[in-house]
Number of protein chains: 2
Amino acid sequence: MSENHDSPSNPHLNDMSTLDKPDSNSTKLGSPSTLASGDNDAPTTLIEVARTAGVSPSTVSRILNGTAKVSDEKRQAVMDAIAKTNFAPNQMAQGLKKGKSMTIGIVVQDISSPFFDETLHGVDDALKGTGYASVIVSGHWNAAEEIERIRLLLARKVDGIILLSGRITDESVLQFSQHRPIVSTGRDIHTDKALGFKLDNEYGSWLAVRHLIELGHRRIAFITGPSNNCDAAERLTGYQRALQEADIPFDDKLVVEGDFHESSGMRAINHLFDTQQQFTAVCAANDLSAYGARLSLYRKGIRVPEDISLVGFDDLPGSSYTTPPLTTVKQPLYEIGRIATKALLNIINGEVVETSIPPLELVVRETTRRTR
Amino acid sequence: MSENHDSPSNPHLNDMSTLDKPDSNSTKLGSPSTLASGDNDAPTTLIEVARTAGVSPSTVSRILNGTAKVSDEKRQAVMDAIAKTNFAPNQMAQGLKKGKSMTIGIVVQDISSPFFDETLHGVDDALKGTGYASVIVSGHWNAAEEIERIRLLLARKVDGIILLSGRITDESVLQFSQHRPIVSTGRDIHTDKALGFKLDNEYGSWLAVRHLIELGHRRIAFITGPSNNCDAAERLTGYQRALQEADIPFDDKLVVEGDFHESSGMRAINHLFDTQQQFTAVCAANDLSAYGARLSLYRKGIRVPEDISLVGFDDLPGSSYTTPPLTTVKQPLYEIGRIATKALLNIINGEVVETSIPPLELVVRETTRRTR
DNA sequence: CTGTTAGCGCATTCAA
DNA sequence: TTGAATGCGCTAACAG
């Protein structure tokens, strides 16, 4: 990036077709400013706009908010003044006055986990064009921290909260929802200020295991999630149910506890081998641990899917690019974020709330194969 | 954080957790009466606290901010009132008054890209305990959108901005920095309100290619990033320099343009094969495209690293769990986020700004091997 | 249609 | 030490 090459005649991409006041003051950067335009650094206030337009503050406010009809004449004057001063309403003042911050709080458990990021992507898209911004905080899988974070969000006067994979109790959620509406994943809640919805985890892993069984597998290992995690527990149940339906005896030696991270997937496989278990397929409670399992298998010289089949859960963005691409149960992460956000906005605006989350589905890629 | 007996320096509501202790920590989570508030849902105001404590609002404010000495007697009364009403200062009001929002804006280009998420992780950690929260927005690799987003952030009165991989010109950054301090990656800027720092991309890919050359490779393909991206261009230069230093002729047939995504990595490899290029190693401009390359190679039955060596750039969290684990150039993503944030906070607080970013380094894992 | 008058909740003068 | 005023910038009655 060179600094001097830009020809001044090439306004970057700013439309604000206002002419910069030639001299006036500042712009000490030594280049004609086509960007921030207004030129001065002192943030303009609505009152100044009113003054330079020769109208009252309320008139400016009315135009900004479309609160009442204003004569074209004055409107034009105000528009000009706004353009000239590059005015933008102070959101803190607006917020104080209106009692809403145009901000929603998002509670995740791990910023920088592809699981949450994909959901955040959906949130972000749903927020686009609404005027709302989001403040993202992390509870780090810890109820106490989660509560503290939610309190912080509340003090910031967020207009609503989205709680992703929260660890706090439903009662807590209900409590908080008395202050601000909350939409939460992983719960069944339906009040006018709190909404929770959950996916059928049991069904999801049932799908995965049934798929394996249909391929002829009978000795299927299962890598669980943390024992205190409900999603994890439900997925284990799905595994058990699928086994049962196929009259395959449940063998707890084939179940190894993981923690949803890659490393635990590796450890799980190692443990299975250390304890000499026989199995032809592995079902992991999430994709990340499937990745770890895959690597451990690779290290042991075991081929996937030729020697052992592997299936994950989540369908993270990276799962279609693993080697080989991972067969997994797709969670509609993006949609969850998008729909949760829309629902929250609906609640905030007193509109009808509608949620229809796409169901879980099995995505068969290349890590599973018929037993020989 | 926070010794809050006499040092008034850090008010915010971190104190609240301390204040709450007697009440809310003594009982178990989820017991309704101790969680969200004493009882009512109406957010308490400082005035109410003053009233129930029998003092003036200013006294409460003084205690909250440590602005002046207050008799122990009144202090106690106020503390009690705060605890009882579960009061937390309205940040919008505080913001309006003090002119700062205790919020910083982060501009990324792609929420839900592991590249940015890892950096955000660093940001998040650096913000911990400071009282600041962050609003994350995405410019989607588009200068116009980026400008719009920054304007939004400014209207929200963020106290500072961190710009990650921005597409706007340095001049624009300088302009914006007249309003709020900005720290940006990928630039060299040093003013009192704007700081930019960049990593040595050229050196990074030079490291990668030299590694390949040392392993005996001479026909090394290179998958670039988008042609309009500086980082990408610099990495290509590093590749060329390494080749030159080893007296290996540059062959532009071995250079294929990608876009930093997995799919382009696949396409690149396919293209190389379609055009019958001979090569024993592939250097990708980033990890994501290396993942794609890896998959394409797998599909073609070509082994990595036995038949072809592969090296990436970034060292994303997932790169140590690919099959096999990816040799790559590590960017200190987390550190970048953390350091940028600390620097921004320093600027905001008028403190000395210090930045020392760890250098790029080659992480040799299992996708590279000596030619036979 | 438009201007004037009050505050939103808080921090900060200024007196006392 | 403390309380009483005075806005921060904006919107929402309330009159014209």
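Residues numbered from 1 in each chain as written. Chains lettered and ligands numbered in written order. Predicted model: local features only at pLDDT ≥ 70, side-chain atom pairs only at ≥ 80, totals over all residues. Heavy atoms only, no water.

Naming follows an unreviewed UniProt entry, where chain A appears as LacI family DNA-binding transcriptional regulator of Undibacterium danionis.

Student: Explanation requested: the interface of chain A and chain B in the structure shown.
Tutor: Interfaces are frequently sized by the accessible area removed from exposure as the parts join. Residue-level contacts link 75 residues of chain A with 77 residues of chain B. Summed over the shared surface of chain A and chain B, the number is 2 salt bridges. Across the salt bridge formed by Glu366 of chain A and Arg299 of chain B, the nearest N and O atoms sit 2.2 Å from each other. Counting across the interface, chain A meets chain B through 12 residue pairs in polar contact (both at pLDDT 80 or more). Of all elements in the fold, only helix H4 (91-98), helix H5 (114-127), strand E2 (133-138), helix H6 (143-155), helix H7 (170-176), helix H10 (262-274) and helix H11 (287-299) of chain A reach the threshold of two or more residues within the side of chain A that touches chain B. Taken together, the residues of the side of chain A that touches chain B sort by class into 31 nonpolar, 28 polar and 16 charged. (Contact = heavy atoms within 4.5 Å. Salt bridge = Lys/Arg side-chain N within 4 Å of Asp/Glu carboxyl O. Polar contact = N/O pair within 3.5 Å; in protein donor to acceptor, adjacent residues only side chain to side chain. Helix = DSSP H or I, 4+ residues; strand = E, 2+ residues; numbered from the N terminus. Nonpolar A, V, L, I, M, F, W, Y, C, P; charged D, E, K, R; others polar.)

Student: Can you walk me through the protein's contact with DNA strand C in this structure?
Tutor: In the region of DNA strand C, 24 residues are neighbours, and Ser58, Thr59, Arg62 and Lys97 of chain A together with Leu46 of chain B sit closest. Of all atoms in DNA strand C that approach within 4 Å of the protein, 58% are sugar or phosphate atoms. Within the backbone of Leu46 of chain B, an N or O atom sits 2.3 Å from a phosphate oxygen of DNA strand C. Breaking the surface near DNA strand C down by element, the ones donating at least two residues are helix H2 (57-65) and H4 of chain A together with helix H3 (46-53), helix H4 (57-65) and helix H6 (91-98) of chain B. (Near = heavy atom within 4 Å.)

Student: Honestly, the UniProt feature "domain: HTH lacI-type" (unreviewed entry) in chain A in this entry has me stumped. Any pointers?
Tutor: The UniProt record marks residues 44-98 of chain A with the feature "domain: HTH lacI-type" (unreviewed entry), using the residue numbering of this structure. For residues 44-98 of chain A, the end-to-end C-alpha separation is 20 Å, with 71% helix and 0% strand making up the annotated structure. (UniProt positions renumbered as here; feature names shortened; annotations may be inferred.)

Student: Can you walk me through the UniProt feature "domain: HTH cro/C1-type" (unreviewed entry) in chain A in this structure?
Tutor: Per the UniProt record, the feature "domain: HTH cro/C1-type" (unreviewed entry) sits at residues 45-74 of chain A. A distance of 18 Å separates the end C-alpha atoms of residues 45-74 of chain A, which is 67% helix and 0% strand.

Student: Where do I start with the sheet that holds strand E9 (residues 281-284) of chain B in this structure?
Tutor: Consider a sheet: its strands pair through backbone hydrogen bonds, and that pairing is either parallel or antiparallel. Residue and element names in this part refer to chain B. Strand order in the open sheet formed by 6 strands is E8-E7-E9-E10-E11-E12, and the pairing between neighbours is mixed. For this open sheet the edge positions go to strand E8 (255-257) and strand E12 (361-363), each flanked by a neighbour on one side alone. Across the sheet, the mean angle from the axis of one strand to that of its neighbour is 20°, orientation sign disregarded. Sheet topology note: the strand E7 (residues 220-224)/E9 ladder contains 4 bridges and is parallel. The residue of E9 that forms the bridge with Ile220 is Ala281. Across the sheet, helix H10 (residues 201-214) lies against E7, E9, strand E10 (309-314), strand E11 (327-330) and E12, angled at about 165° from E10, the strand it touches most. (Pairing = 2+ DSSP bridges. Axes fitted to C-alpha atoms, helices over the stretch in contact; angles between N-to-C directions.)

Student: Looking at this structure, I do not really get the packing of aromatic side chains. What am I missing?
Tutor: The relation between two aromatic rings is expressed through the spacing of the ring centres and the mutual angle of the planes. The tally for this structure, following the rule as stated, stands at 12 aromatic pairs over all chains. Centre to centre, the rings of Phe115 of chain B and Phe116 of chain B are 5.1 Å apart; their planes meet at 85°, and the pair counts as edge-to-face. Between Tyr239 of chain B and Phe250 of chain B, the ring centres sit 6.3 Å apart and the planes meet at 70°, which makes this aromatic pair edge-to-face. Of the two residues, Tyr239 of chain B sits in helix H11 (residues 230-245) while Phe250 of chain B sits in the loop between H11 and E8, which places them 11 residues apart along the sequence. Exposure remark for Tyr239 of chain B: the relative accessible area of 0% places this residue in the buried category. Stacked on the ring of Phe313 of chain A, the Lys or Arg Arg235 of chain A has its end atom at 3.9 Å from the ring centre. (Phe/Tyr/Trp six-rings, centres within 6.5 Å; stacked < 30°, edge-to-face > 60°. Buried < 20%, exposed > 50% of the residue type's maximum accessible area, 1.4 Å probe, protein only. Lys NZ or Arg CZ within 6 Å of the ring centre and 35° of its normal.)

Student: Looking at this structure, how should I read unusual backbone geometry?
Tutor: Peptide bonds are, in most cases, trans, and in most cases residues other than glycine have a negative phi. All names here are of chain A. Cis geometry marks the peptide bond from Val304 to Pro305, where omega comes out at 10°. Cis rather than trans, the peptide bond between Thr323 and Pro324 has omega equal to -10°. Positionally, Pro324 belongs in the loop between strand E10 (309-314) and strand E11 (327-330).

Student: Help me understand the confidence of the model for chain A, please; the structure alone is not making it clear to me.
Tutor: Close inspection of predicted coordinates is inappropriate in any region flagged by low pLDDT. With 89% of its residues at a pLDDT of 70 or more, chain A shows a mean pLDDT of 89. This model gives residues 1-40 of chain A a pLDDT under 50, and the stretch forms 53 contacts once residues within four places in sequence are excluded. (pLDDT = per-residue confidence, 0-100.)

Student: I keep staring at the domain arrangement of chain A and nothing clicks. Help me out?
Tutor: All names here are of chain A. Assigned domains of chain A: these are domain 1 (99-198) and domain 2 (201-330). Computed from C-alpha atoms alone, the centre-to-centre distance between domain 1 and domain 2 is 30 Å. Counting from both sides, the interface comprises 7 residues of domain 1 and, opposite them, 8 residues of domain 2. Taking both partners together, domain 1 and domain 2 bury about 600 Å²; carbon and sulfur atoms supply 53% of that area. On the domain 1 side of the contact with domain 2, Pro114, Phe115 and Arg167 bury the most area, a combined 54% of that side's loss. Put simply, domain 1 and domain 2 have 1 salt bridge between them. Between Lys198 and Glu234 there is a salt bridge, with its nearest N and O atoms 2.9 Å apart. Our count for the domain 1 to domain 2 interface comes out at 1 residue pair in polar contact (both at pLDDT 80 or more). (Domains from an automatic or database assignment. Buried area = accessible area lost by both parts, 1.4 Å probe.)

Student: Looking at this structure, I do not really get the environment of Gly160 of chain A. What am I missing?
Tutor: Residues and elements named next belong to chain A. With respect to the secondary-structure elements, Gly160 resides in strand E3 (residues 160-163). Sequence separation of Gly160 and Met102 is 58 residues, and the distance between their C-alpha atoms is 9.2 Å. Every residue in contact with Gly160, bar those within four places of it in the chain, is listed here: Thr103, Ile104, Gly105, Arg180, Pro181, Leu344 and Ile348.

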